[in-house]
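Residue-level structure breakdown
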Amino acid sequence: EMSVMAGGLLLMQIAVATAVLLPPQPPARARPAHLQPPLRSPPPQLRAAPDATAASVLFIVDGNRPSPFGATSPEPSPAWRTVATHLAGRLPDFDARLSAGVLDVSELDGWTGASGRWDMLVALGVRSAAAAPAVATMSRMTDATALVCYDCDPAVAALQRVGDYHKSPGSGLAAMAQTARTATAPWSSLAQGQRLSAQVDLLFSRHSSEDLLYAIFFVLHARTMEIKLVRHTINPTWEKGPLRNAAEFVQMTRCCGGKIFTALSDPQTKATVDLLNQCDSRDQVGSYRVI
């Protein structure tokens, strides 16, 4: 399985190496009034998605703290609240079933959890270790499928999880057991959570709204509902399984074997393919930058 995945990944990226991938363009349409991004923290019960026919994201921010975003913008380092409000407004443009809200860390203590659930929590710029217990409580009470963090205090960042996978499971037997399970069962939900957590870290570190949005899409697609924008991938994956990976490998070789050999024989194209192999083929921004 590992050899099929590695070989398939190399071959399947050839088509991408010779094409220009454009960044995603959301449809130009007016947003319904009920999906407009909140300027202040919304009542959670008005924003939470009830089931897998929709998905909700709650951004938890330290509103006045500057972010590392906007390095090339006329107004660099916008506040995390500005970033989160911008992202919350863009999510429904990609899929109308998505909704989002923004909650300032100062309001965590007054949050009662009387709403239902949020599918995903995203903590941005929460630099206070004292906020960690409240964030953890919110994660439990909302039944969120994932809590991801960026630019946060280590106590908050340690709460990051995707499904049952915890980025910081603690020390001792718990950490050893999680490591053993992800290593011996890479096809499992736990191992998938590990891969998603690492992918979130990578995309968040690029400090762009498109990358951050795609990180959210990947998690929601894997854990909450199907999102067409990231449904298809030419990468061999554990989720596809050995038979489908092998079939795609054979089909690619049968249809494009000669062109693949020619591309791999050219040093510049081979170098591009090697770089593309480090990207998820659904990572359109990363692939575009490589090309």
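Predicted, not measured: the structure shown is a model, and the values here were computed from it. (Residues numbered from 1 in each chain as written. Predicted model: local features only at pLDDT ≥ 70, side-chain atom pairs only at ≥ 80, totals over all residues. Heavy atoms only, no water.)

Considerations on the overall build of the protein chain
This is how it is decided: Helix numbers and strand numbers start at the N terminus; a helix is a DSSP run of H or I with at least 4 residues, a strand a run of E with at least 2. With a 1.4 Å probe rolled over the protein chains alone, any residue whose accessible area is under 20% of its type maximum counts as buried; one over 50% counts as exposed, and the rest are partly exposed. Should any heavy atoms of two residues lie within 4.5 Å, those residues are counted as being in contact. Shrake-Rupley sampling with a 1.4 Å probe provides the accessible areas, and residues are treated as covered by the protein chains on show and by no other component.
In terms of regular secondary structure, the protein chain is built from 11 helices and six strands. Buried residues in the protein chain amount to 48% of all 291 residues. Here the analysis covers contacts within the protein chain between residues at least 6 apart in sequence; of these, 72% occur between residues at least 24 apart. Only carbon and sulfur atoms are counted for the fraction: they give 59% of the accessible area of the protein chain, which is about 14100 Å².

Some details on the confidence of the model for the protein chain
Spelled out, the test is: pLDDT runs from 0 to 100 and stands for how confident the predictor is about each residue.
In this model, the protein chain carries a mean pLDDT of 77, and residues with pLDDT of at least 70 account for 69%. Counting contacts from residues 1-7, a segment whose pLDDT is below 50, to residues more than four positions away or on other chains yields 15 contacts. In this model, residues 14-51 is a region of pLDDT below 50 whose contacts with residues beyond four sequence positions or in other chains number 76 contacts.

Topic: the pattern of salt bridges
Convention followed: Basic side-chain nitrogens of Lys or Arg form a salt bridge, by our definition, when they fall within 4 Å of a carboxyl oxygen of Asp or Glu.
Tallied over the entire structure, the rule returns six salt bridges. We note a salt bridge from Arg-65 to Asp-62, for which the minimum N-O separation is 3.4 Å. Exposure remark for Arg-65: the relative accessible area of 29% places this residue in the partly exposed category. Here Asp-95 ties to Arg-97 by a salt bridge, and the two come within 2.8 Å at their closest N and O atoms. Given a relative accessible area of 33%, Arg-97 falls into the partly exposed group.

Let's talk about helix α3 (residues 80-94)
For clarity, the cut-off: In a helix, the anticipated span is given by 1.5 Å times the number of residues less one.
For α3, with 15 residues, the first-to-last C-alpha span of 21 Å sits near the 21 Å given by 1.5 Å per residue. The buried count for α3 comes to 13 of 15 residues, which makes it a mostly enclosed element.

Things to note about the sheet that holds strand β6 (residues 165-166)
The pairing of strands in a sheet happens through backbone hydrogen bonds and is either parallel or antiparallel. The condition is simple: Strand pairing is assigned whenever DSSP identifies at least 2 bridges connecting the two strands.
Sheet architecture is open: six strands sit in the order β2-β1-β3-β4-β5-β6, paired in mixed fashion. Either end of the sheet is taken by a strand with one partner, and the two such strands are β2 (98-104) and β6. Pairing between strand β4 (residues 146-150) and strand β5 (residues 161-162): two bridges, direction antiparallel. By the bridge assignment, Ala-146 is partnered in β5 with Val-162.

Topic: the packing of aromatic side chains
Here is the rule: By convention, a stacked pair of Phe, Tyr or Trp rings (six-membered ring in the case of Trp) has centres within 6.5 Å and planes under 30 degrees apart, an edge-to-face pair has planes over 60 apart, and any other such pair is tilted.
Per the stated rule, a full pass over the model turns up five aromatic pairs. One aromatic cluster is present, built from ring pairs that chain together Phe-94, Tyr-214, Phe-217 and Phe-218.

What about the packing of helix α7 (residues 189-204) against helix α8 (residues 209-223)?
We apply this condition: Whenever a helix is involved, its axis is fitted only over the stretch in contact; in every case the axis is a line through C-alpha atoms, and angles between N-to-C directions fall within 0 to 180 degrees. Roughly parallel covers angles under 35 degrees, roughly antiparallel covers those over 145, roughly perpendicular covers 65 to 115, and oblique covers all other angles.
Contact geometry of α7 with α8 gives a least axis separation of 8 Å together with a crossing angle of 170°. Our classification of the angle between α7 and α8 gives roughly antiparallel. Residues Ser-189, Gln-192, Gly-193, Leu-196, Gln-199, Val-200, Leu-203 and Phe-204 of α7 form the contact with α8, whose own contacting residues are Asp-211, Leu-212, Tyr-214, Ala-215, Phe-218, Val-219, Ala-222 and Arg-223.

Overview of the environment of Phe-59
Relative to the helices and strands, Phe-59 resides in strand β1 (residues 55-61). Here the alpha-carbon distance between Phe-59 and Ala-123, two residues 64 residues apart in the chain, equals 5.9 Å. Setting aside residues up to four positions removed in sequence, Phe-59 forms contacts with Ala-84, Leu-87, Ala-88, Leu-91, Ala-100, Gly-101, Val-102, Leu-103, Val-122, Leu-124, Leu-212 and Ile-216.

Here's the deal with helix α4 (residues 132-141)
Every buried residue of α4 is listed here: Ala-132, Ala-134, Val-135, Ala-136, Met-138 and Ser-139. Contacts from the buried residues of α4 go to β1, β2, β3 (120-124), β4, α5 (154-157) and β5. Immediately beyond the C-terminal end of α4, within one or two residues, lies Asp-143, with a positive phi of roughly 60°.

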